[in-house]
Structures are given as C-alpha cells and as structure tokens.
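An overview of the molecular structure
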Amino acid sequence: MGLLSDPNRRRALTNLLTRLNTPICVLCYLAGVAWFMGLAFEPFTLRTYMSENAMGSTMVEERFPAGERALVTAREFGAHKRKSGAMPVDWLVKTMQSRGLEVYTQSFSRRLPFPDENKERYMVRGTNVYGILRAPRAPRTEALVLSAPCSPDNSNNQAVGLLLGLAQYFRSQIYWAKDIIFLVNEHDLIGMQAWLEAYHHTNITGMDWAPLHGRGGSIQAALSLELSSDVVTSLDLVLEGLNGQLPNLDLANLFYTFCQKQDILCTIQEKLQRSDWDSVSGYSQAVQTMALMVLKQASGRPWGDHGLFLRYHIESATIRGINSFRQYKTDTTTVGRLLEGMFRKLNNLLERLHQSYFFYLLPSLSRFVSIGYYMPAFGFLAVILLLRALDLWVQLGALPSVTEDGVGSRALPLQSSSPSLVSILTPVVISHLTGAALYTLPVLSQELAVQHFPVSETEAVVLTAIAIYTAGLALPHNTHRYSSIAKQGWRVLKLVAVLYLAVLLSCTALINFSLGFILALTLVPVAAFVTPHVPKVLSAVVMVLLAPGCTLLYCVFAFQELQEAPVSLIDGWMLFLSVISQGMLDHALYGSLVYPLLALFIYPCWLILWNILFWK
Amino acid sequence: GWKRGSSFLPGIDVTDTKLSTSAFLLLHQARAERFFRSDHTNNWAVLVCTSRFWFNYRHVANTLSVYRSVKRLGIPDSHIVLMLADDMACNHRNPKPATVFSHKNMELNVYGDDVEVDYRGYEVTVENFLRVLTGRLPPSTPRSKRLLSDDHSNILIYLTGHGGNGFLKFQDSEEISNVELADAFEQMWQKRRYNELLFIIDTCQGASMYERFYSPNLMALASSQVGEDSLSHQPDLAIGVHLMDRYTFYLLEFLEDIHPASQANMNDLFKVCPKSQCVSTPGHRTDLFQRDPGSVLITDFFGSVRKVEITMETINLTPHTETALAYVDQLPVAQIIHQKPKQKDWHPPDGFILGLWTLILLVFFRTYGIKHLKHIF
C-alpha cells in the first residue's frame, strides 16, 4: 500500500508529527532568528554593483562651479522666509524665472483629522513652487525631479540655495534629454503629496489642491535634498519610503559610486561603514545598521520627502547633509558636483531603473542582502504556524475515534464532531468588530473625549486607542456567555486563527518584509503555545507582553537605542504615544497601511488567540 | 571582343634604362601577364554597426572610423554600403551635437560633413543585411542601397556591436547567427558576387562568427576569441561614454599609416592589437583563402587602387594556356558543404534525466511487480 494511504503508516507519521512538533517549532524559531542575525555578517552579503548598462561607470566630468553663490542665495532665501513667516513664494518665483526656468505654483490645503503635536499643525495651507528646465532638444516625454523642502524654522536653506544654483548651471548645458523639475515644497510631506497627486491626476487622500498648470512628462527618478549647513562632513542616504517601499538599488549604487568619486564620506542610517567585519564591533555595527533599516521600513512611514514618489513607481531617494565634529569638511561645490554627476547619469537612462533589486536590506552602503537571502528568515517563522496547524488538524481528526472507543454510544460522536459554525464565528466576528472599533473610534470620538476629559485632541485620540485596545482584553468573559461549544471547539478556533495569522503575516512579509518579520517574531510564539491548558496567569502575562501594542513599545525603545540616543521609561512612553498618533496621521494623510493592518487584522487575530487562552 | 591575355599597351617609357632591353621586356611581360591574370578589378565595402542607443556610442564611432579610412584609401561612397543606427550625432545627450568623436579630448571627428549613411535607424536589420549581401532586393531599391559587386570584386565586410558565442545582436530585437552568415556568403559565392572577401568583426566572442564559413576566398579577422569579451577604449569624461573599442582603435591607428601605394600585407594586419594592448586575443582565419596572406596587400581590400602601369614598349602577351578552373570546381564541393561541426566531448547523460528515468522505472516496477519484466524482454 502507498505511504499515505496505509492507516498504520499514517498513524506512525502523525505520531511522529505530534511528538516532534514542539521541538521542531522551537528549532525553526531559533533558526529564523539566527538566519536574520547572520544576514549582516559580511561574507554572507554581496557587494553592490551597478546593474543598469545605460548608467555605466562614473565617467562624467562634473564642472559645477557655483557653490559659494548657492550659499548666498540660501542666505537670501532664509531672510525672505523669516520676513514672510511662511514660504517666500514671490521671491522664489522671481529667482527661478531669472534662472530661465518655467515657473509655476500650486496651492493646497488640508485639515488633519486631529492636531499633529510633533509638527504643531492642524489646519495646513501652503504653496509649492516648481520650475521646469525644458530639455533643449528632446521631446517633453520624460522628467527628473530635484526637490528641497521649505522648512518653517531655519533649516534647509542651503538645500534651496543649492537647488537654485544647480538650476542656473543646468540651464546652460545642452545635453539634457529629460526635463528637470526643481521643486520647493512647503509643509514637507503634505506639500509633496499634494504636488504628486496633482501631477498624476489622482486623489487618494482627500486633500484639497489646485491643479498644476505646467507639467513635464513621466518622472523617471527623483532626488530630495536636505542640507542645513554651509559645509557637511558626511552625506546620509535615506531610502525607506511609504509602506516600507524601497527604490531600486541602482539609485543607492549610483550615490555610493559618486560619493567615492568625489571623496565624500557617505553613510546610511547615519552609521559609518567599517572594514573590520570579522571583529565583534564591526559585525555589531552592520547588525545595527540593518536593524535600523528594518525598523524604519516596518514603521511604514516615509522617512524623507522622497518616500511618496515610490508609490508612483518613481525611483527616489533623499540625500541629507550632516555636519558633525569631524575634521574633513566638504563644501557646497562638491555636493553640487555630486548631484550634477548623478543627474547626468540619470539623464542617460533610456527606461526606468529596473535592472537591480527592489527588495533588499543594506547592512552598509556597499553591501546588500537581496530578497532571496532574507526571506528564509521569515519562512522559518511561518513554517512554525503551518506545523502547528498540521498538528491541530491531526488532533481534530483523531478525536472521533477516541470518543468512539471511550464511550461507545452512538449519540456522542455527533455531539463531539466539529462544533457549529456559529460558535466558531462568534469570537472571530467579535474580535474583528473590536478591531474595527480600534480603527474608527479614536478619531471619531475625539470631540466627545475632549468634552469629558481635560486632554488635548491628540492625547484623546491616542488614549482612546489604548483604552479600546485594553478593553479587548476583557472580551473572553463576554463571548463565552453567547457560546455553548464543546470542550474541543477551541482546537478548530485555534486552527482558524493559526492559518489566518500565517496568511496575514506572509502577505505582509511579501510587501513589507520588515513589518512581517517583526510581527512574526512576537506573534508566532504566542500562536504556537497558547491553549486553554497552559497556566493561565503566566500565559496571560506573556501574551500581553508579546501583543502588538507592546511590540510597538519595544520597537520604539530599540530604535532609540540603535540610534545611540537611549531614552528613559517616561520619555519612551511619551515617544510611544506620539508614534501611535503619527501612525494614525500617516494613514489619514498619505495612505500608510500599517495602522489599518495592525488595527483591523493583527489585533483581532491576537484577540482570537486571547480568547483561546481563556476558553472554558 | 577583348580576350584576356592579348592586350596591347602603348605608352611612355618611365622605367630604368640600365636594364638590357630584352630582360626589361621579359620583366614587363611577366608583370603584365600577372596583371591581367588577377581577378580583382573593383572594391566594395559593407560597414555595419548593429547597435543603437547612447551607451553604444563606441560602435558607431568604430564603424565611422573604418568608413573614413576606407574612403581615404580610395573606395568611393557609391561602392560603400554603410549601415548605422545613426542616433549618436543628433542624440539629445550629445554635448557636442552633430559630431561623433573617435579619440578622447575630441581630437578626431569621424562624422564630418560627407558621411553617407545608406541604411539608418531601424533599417539596420538582419533581413536588410542579408538582402544586401545576397542581392535579393526589390527592384525599387535605390543604387546606393545595393551591393552591386561582380565576380571581380574584393569586398570588405566590417561588423561591430554586441555579440556572443555564435550570434550577433542587431538593435536589441534580433540576432544573426554564424550559420546564417556562412550561408549568406555561400550564396554570394554561388552567384559570383565576390572575388575575395575580407570579414572583420569587433564584438565580444567575435571568433565564433567565422567558425562556420565554408565558401572559398574568405579571410576573417575577429577582435576576440570565444569566451572573451572585447573591451572598450577611450573613455571621454566630457561626453560621458567610451568612444571606441580597443581593436578598432588600434586598427584605425594601423590604417592611418597606410596610403594607396602602401605595400603592407595581411600578415601586418594580423598583428594589429596584440593581447597586451587589446586584453582579448584577436583571431583570424585564412584556410579558405587561396592566396598566401603575406602576398595580399591591405589596399586590396581597404582601398580602391587602380593599377596603371605605363610603358613605351610593345609587349606581346601570350594567351592564357592553363585550363581555367571552372568557378565551381575551385574547391571540392563535397568537402565544403558537408562540413561536420566539431565533435564536442562526449559527456555522460545528464544526471537529472537519468534520475528521472530511474524513478519512472522504479515506480512502474514497484506498482506492477517484477513479473511484468518478462513481457518487455
């Protein structure tokens, strides 16, 4: 008889599966974590290389001369900004026109769902100013974008100054095959979102913007510049965009090769690269860099103005100038030359960047880990869920035979067969309703909360969210009143929950590996070990500690630690609250999906497991 | 009509008078006989660049520099078929519009004022190339796009672009294989479209393109062997691309020293760009060529040199008494056409196939039992 159709053999296999299940699950978990940690080890990574043939090497002669003039322009810009209090639109328009660009403005306005305490804004009204440098001989089918944000305080003046200086220099060259759009956006991401939505004729987030009068063709690549000092000691590259999307690795390779050519120190995650990979400190530096990238990607928010371009399949990155205490300083002219070189190479492109990887992790700027290498780390964690599901299936299949042997009456098998659909659906539906409440109620009920409690709107929203989250813990006492399920019904519910979690985490990991991996790290052990038979108090504590909310708290603390700015508990808690409010705002303003995912899917899944723990 | 071998040459005597008259006459007779026995009366060139796009600038510069040399040595535009994508000079990315440079620092503009491109842009296809070679063109094709060679023509064919083992890529959408090329040359031979043909190719793994030739009177040169890449040269920072490939760069330098009266022969051409300069190993093939390469002048292919000798004396030429070789008998056909491809080393059958068949057999016998073996054997 065949291997799987012989009942004896099958029973032997299933016995093996049941006996070895827990050890294999533990092994898989350790293997997943070890694989992830091993990704940063330099011999396991690959050196970055330029994949796009059209961009080739750094063979280009940069001749940008006007760094000092750019600084003068920056000072003028700063003065006008201080005088007018907001963006000096008229001065910008006049300056760009004098440099020979086609200048247009766009006004936009947006009322946030609740006030943003980090940036102190609620009703946002602003203007974007952009100038288009038309390619001298080419048809207007493609464009490149260079943008600099107009920040309310005294920062990023030099970025705007350098942008205008480059505009003047680029205008006198004849080798541009694509239009170049020089954009100065107000209110950073909100202005950028308004501009992009208007450019692409979409309206995803319900913002109010004026249509664009001038356009430049489909955008092939975009660079955002943040420069707040006259000299820099290093340039930092920011890649993480909305929903953890990353630009094509060729853009990072391009930046790195030009940094080396201009002899500028370049960093990623603001951490320097070390060459001693075989020492502990070298390895830990690589792990820290990679972990920072994972945390930033998992948060789903755009970490620079470039982050919103990625949704439109425009490869973009932010270059941030950092001025720290180092002897070797780079002046504005060299930064200008770097940008000139990058733009000349992007100009050579014939099609969008697509030759290199879209999914990768960077332990340092010259080493990368591609999706084929990092996905098994998540795969090991997902396998645990599948093994558990298989184990439960086997247990459910073995039950009827046990009760038949034990009791022998005809009526019992019918009773102990799989419980009714309603009794399984009840906890699922109630958990999802709680999740829906967590998603909608905080923002909707902020006025109500402000009337009754002495808190500001933002605090009201965040505290309502935490309240609903904690209220969900009391649910098992409520759901049990409505269910009359057999004792073994929890197995079916757990099977459903485990498979649901597996699908959810796998889909998340495909789009945003970091988010899926971090959630899997805490949720998979919970899903694996929870049954009604484990010691209740201890498991309840462990489950709360591994819940999505606490995972977020740990991530906040870990992020601060990795950035070498550790916080105390109180400050960490305040930071955690602001992270929650930022997450909700990101979702409302830019369409970030992390908050809906956590509220509508992950939290209900965890609640179902919580229900199983308190099964009677 | 005119019968070869019985011409009569009046003229002015310009030879050395130190020789005795009879020896002098014999020398001239020998030379005149040799002159009239030569089968080469005209020259053609087919220069093809198979790449387009800005980052393939060097392929266009390669072809244009060979074009320039060939024109300088005497082949007129009416005898040159130039096939280029021609999107370099007026490319939006060209900082020096209307120029194509072949030396960095913009020393030499090979585009010039008098370039005549016969097939440009998307007309450079495998089909057009083969039609030009074989002459199978529709009647409406203008003369400038035809290769109007006859059986006394020496043809130079130069190809450059991106290639691989056994193929050459035409403009990103199609390829020509070495077998197709060999068959095209055989068609040319059978239609008496060439006397001798020199084939030069500058691509990666270029030697694979002449491996399959089987027609007589073909000489071939390639810039690299199978498994090697041909490298680019002359990086120019102002323009931002490589301007030439190594092999053609050194070929151009070699040709700059050739003038119409030069006596340099093919052995010198084979020495162009040794491994130290080219990094790849250039190769050549002469086994199908009748004459000894040492006696073949460079100008036989690269120039259009009119051989005119003036003498005051009357020279009697004897008729050609050797039985002329019939055109198709010059090489044994059976030996050429049925050339077997080189025997590859025998490898044992792939492990995967073996494993698959073993699995199938095992399952079969496991299911149906060993007793069925007797039905098979």
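Here's what I pulled together on the structure shown here. Small disclaimer: the values here were computed from a predicted structure and weren't measured.

Some thoughts on the overall build of chain A
Summing up its helical and strand segments, chain A has 20 helices and twelve strands in all. Against the 2.2 N^0.38 benchmark of 25 Å for 616 residues, chain A shows a C-alpha radius of gyration of 28 Å, consistent with a compact globule. Once the C-alpha set of chain A is aligned to its principal axes, its extents read approximately 95 × 60 × 45 Å. Buried positions account for 56% of the 616 residues belonging to chain A.

Side note on helix α17 (residues 536-545) of chain A
Since one α-helical turn is 3.6 residues long, residues separated by three or four positions face the same way. Residue and element names in this part refer to chain A. All of the buried residues in α17 are S539, A540 and M543. Here the buried residues of α17 occupy an arc of 105° about the axis, which is enough to place them on one side. Exposed side chains of α17 directed beyond 90 degrees from the buried face belong to V537 and L538. Structurally, α17 contributes buried residues whose contacts are with α16 (513-529) and α20 (594-613).

Let's talk about the state of the cysteines
Counting across every chain of the model gives one disulfide over all chains. Unpaired in terms of disulfides, C507 of chain A finds its nearest cysteine sulfur in C605 of chain A, a separation of 12 Å.

Thoughts on a nonpolar patch on the surface
A cluster of nonpolar side chains, namely L4, L13, L16, L20 and I24 of chain A, defines an oily patch on the protein surface of about 420 Å² accessible area. Structurally, I24 of chain A can be placed in helix α1 (residues 7-38).

Details of unusual backbone geometry
Phi angles above zero are rare outside glycine, and Q269 of chain A is one such case at about 55°. In this fold, Q269 of chain A is placed in the loop between β9 (266-268) and α7 (280-299). Phi is positive for C273 of chain B, close to 60°, though the residue is something other than glycine.

Points about the sheet that holds β9 of chain A
Residues and elements named next belong to chain A. Strand order in the open sheet formed by nine strands is β6-β2-β3-β5-β4-β7-β10-β8-β9, with mixed pairing between adjacent strands. Of all the strands in the sheet, the pair left with one neighbour each is β6 (208-209) and β9. Two elements, strand β3 (residues 121-133) and strand β5 (residues 179-186), share five bridges in a ladder whose sense is antiparallel. Within β5, the position partnered with Y130 by the bridge is L183. Packing against the sheet, helix α3 (residues 89-98) makes contact with β2 (102-116), β3 and β5, and its axis sits at approximately 10° to β3.

A short note on the nonpolar core
Core analysis: the biggest nonpolar cluster contains 187 residues, and W195, F255 and I319 of chain A have the highest contact counts within it. Of the residues forming this core, the biggest block, 14 residues, is contributed by α20 of chain A. Counting contributing residues, this core receives three or more from each of domain 1 (2-38 + 374-406 + 420-613) and domain 2 (53-365) of chain A. Discounting chain neighbours no more than four positions away, the residues touching W195 of chain A are Q106, N128, Y130, V145, I181, L183, L212, I219 and F309 of chain A. Of all hydrophobic cores here, the second largest spans 54 residues; its members include C49, L221, I298 and F302 of chain B.

What counts, and where the lines are drawn
Residues numbered from 1 in each chain as written. Chains lettered and ligands numbered in written order. Predicted model: local features only at pLDDT ≥ 70, side-chain atom pairs only at ≥ 80, totals over all residues. Heavy atoms only, no water. Helix = DSSP H or I, 4+ residues; strand = E, 2+ residues; numbered from the N terminus. Rg over C-alpha atoms; globule rule 2.2 N^0.38 Å. Buried < 20%, exposed > 50% of the residue type's maximum accessible area, 1.4 Å probe, protein only. Arc of directions from axis to C-beta. Contact = heavy atoms within 4.5 Å. Disulfide = S-S within 2.5 Å. Patch = residues over 30% accessible without salt bridge, like charges linked within 9 Å, V, L, I, M, F, W, Y side chains within 5 Å. Areas by Shrake-Rupley, 256 points an atom, 1.4 Å probe, with all protein chains shown as cover. Salt bridge = Lys/Arg side-chain N within 4 Å of Asp/Glu carboxyl O. Pairing = 2+ DSSP bridges. Axes fitted to C-alpha atoms, helices over the stretch in contact; angles between N-to-C directions. Core = buried A, V, L, I, M, F, W, Y, C linked by side-chain atoms within 4.5 Å. Domains from an automatic or database assignment.

Any link to function would need more than the numbers given here.
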